[in-house]
Amino acid sequence: MRTPGSAVLDRFDGWICGLGTTSGRRIVVGHWPDTPLGAFTDVMTESAGGHRTLLAPTGEVAEFVAATYSFDEVRVVPVTHTGHDDRRRVVAGPLEVSWRIGGRPLLGRLLRAVPGPLAVHPRWLRAIDPLARRVVPGVRTVGSAGGGRREYYGARDLHRVTAASARWGDGDCGALAPVVPPVRFGFGSAPATPSYVRITTLVERSLT
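I will try to describe carefully the structure that is included in this document. (Residues numbered from 1 in each chain as written. Predicted model: local features only at pLDDT ≥ 70, side-chain atom pairs only at ≥ 80, totals over all residues. Heavy atoms only, no water.)

### A closer look at the overall build of the protein
Point 1. Summing up its helical and strand segments, the protein has four helices and 13 strands in all.
Point 2. The C-alpha atoms of the protein give 16 Å as radius of gyration, which agrees with the globular expectation for 208 residues (17 Å, within 12%).
Point 3. Referenced to the eigenvectors of the C-alpha coordinate spread, the extents of the protein come out at roughly 50 × 40 × 30 Å.
Point 4. Every one of the 208 residues in the protein was classed for burial, and the buried ones make up 44%.
Point 5. Restricting to contacts in the protein with at least 6 residues of sequence separation, those with at least 24 account for 59%.
Point 6. Carbon and sulfur atoms make up 55% of the accessible area of the protein, which totals about 10200 Å².
Point 7. Charge centroids of the protein, computed over 26 positive and 18 negative side chains, lie 8 Å from each other. (Helix = DSSP H or I, 4+ residues; strand = E, 2+ residues; numbered from the N terminus. Rg over C-alpha atoms; globule rule 2.2 N^0.38 Å. Buried < 20%, exposed > 50% of the residue type's maximum accessible area, 1.4 Å probe, protein only. Contact = heavy atoms within 4.5 Å. Areas by Shrake-Rupley, 256 points an atom, 1.4 Å probe, with all protein chains shown as cover. Lys, Arg positive; Asp, Glu negative; His and termini not counted. Charge placed at Lys NZ, Arg CZ, Asp CG, Glu CD.)

### A look at the nonpolar core
Point 1. The biggest cluster of nonpolar side chains holds 24 residues, and the ones touching the most others in it are V28, M44, V65, Y69, F71 and F185.
Point 2. Among the elements of the structure, β1 (7-21), β2 (26-34), β3 (40-46), β4 (52-56), α1 (59-68), β10 (149-168) and β13 (195-206) are those that each provide at least two residues to this core.
Point 3. Beyond its immediate stretch of four places on either side in the chain, Y69 contacts M44, E151, Y153, F185 and G186.
Point 4. In this structure, V29, V79, A92 and V161 belong to the second largest nonpolar core, which totals 18 residues. (Core = buried A, V, L, I, M, F, W, Y, C linked by side-chain atoms within 4.5 Å.)

### Comments concerning the packing of aromatic side chains
Point 1. With the rule as written, the count across this model stands at five aromatic pairs.
Point 2. Taken together, a centroid distance of 4.6 Å and an interplanar angle of 10 degrees make the contact between W15 and Y196 stacked. Of this pair, W15 sits in strand β1 while Y196 sits in strand β13; the two residues are 181 residues apart in sequence, bridging distant segments of the chain.
Point 3. Take W15: its relative accessible area is 22%, and that puts it in the partly exposed class.
Point 4. Considering the side-chain rings of W99 and Y196, the 6.2 Å spacing of their centres and the 50 degrees angle between planes classify their relative orientation as tilted. Of the two residues, W99 sits in strand β8 (residues 95-101) while Y196 sits in strand β13, which places them 97 residues apart along the sequence. Here W99 and Y196 have matching classes, each one buried.
Point 5. Every member of this aromatic cluster is reached through a ring pair, and the members are F12, W32 and F64.
Point 6. The ring of W168 has R25 sitting right over it, with the charged end atom 4.0 Å from the ring centre.
Point 7. Across from the ring centre of F64, 5.4 Å away, lies the NZ or CZ of R149, which sits over that ring. (Phe/Tyr/Trp six-rings, centres within 6.5 Å; stacked < 30°, edge-to-face > 60°. Lys NZ or Arg CZ within 6 Å of the ring centre and 35° of its normal.)

### Regarding the side chain of R26
Point 1. Position of R26 relative to the elements: it lies in strand β2.
Point 2. Judged by relative accessible area, which is 3%, R26 ranks as buried.
Point 3. There is a polar contact of 2.7 Å between the side chain of R26 and the backbone oxygen of S47.
Point 4. Leave out the neighbours within four places in its chain, and R26 touches L19, G20, M44, T45, E46, S47, A48, V179, V180, P181, P182 and V183. (Polar contact = N/O pair within 3.5 Å; in protein donor to acceptor, adjacent residues only side chain to side chain.)

### Here's the deal with the side chain of T45
Point 1. Tracing the sequence through the fold places T45 in strand β3.
Point 2. For T45, a relative accessible area of 0% gives the class buried.
Point 3. At 3.0 Å, the side chain of T45 forms a polar contact with the side chain of R25.
Point 4. Looking at T45, its side chain comes within polar contact range of the main-chain oxygen of R26, at 3.0 Å.

### Regarding the pairing of β8
Point 1. Side chains of β8 alternate between two faces, with L95, V97, W99 and I101 buried and E96, S98 and R100 left unburied.
Point 2. Sheet topology note: the strand β7 (residues 87-92)/β8 ladder contains six bridges and is antiparallel. Note on β8: the bridge partner recorded for V91 is E96.
Point 3. Count of turn residues in the β7/β8 antiparallel hairpin: two residues, of which G93 carries a positive phi of about 55 degrees.
Point 4. Relative to β10, β8 runs antiparallel, the two being bridged by seven bridges. Residue L95 lies in a different strand from β10, and its bridge partner there is W168. (Pairing = 2+ DSSP bridges.)

The following block contains the structure:
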């Protein structure tokens, strides 16, 4: 039995796709088949002008994500995720985004070589955070999740995104582009190079 004040790790297993567009809109899609909140897909997007929007499928997901990251606007909307072979498509309220998954670069091969239990262990993720920041600017493996909580990112695989298309409302977002400038949702950004990352996120909280 856990006592008040002891730490609990909430584990979220899934994939994150981060991509930019030539219109300046940057998009981060999280597809989470296994979480304490059930399976879900959510989207964080930042406009060229810096407006940050969360698109979440339920109020429960919106509340959790908004307590963990920073947004100017939170919308609860239907979110669908479909995939076939190397293609993925997400529709979330005003956003439609599709992308194609490419090959695995050297970093992806290195991530796959780390044993699974080690790749998601908080001590390992704290130790490699300084290296991660140097190798992939903007990326962090540990930081604050707000409310006295700590968050860990354990990347386990990485593929390039080779093509994408997106629409926001009635407007075309343009062609695939780097995630530049970095998104400002939390303590770290997505990689500047459009990427599709297999990830385990741990949110550490204390029992009260």
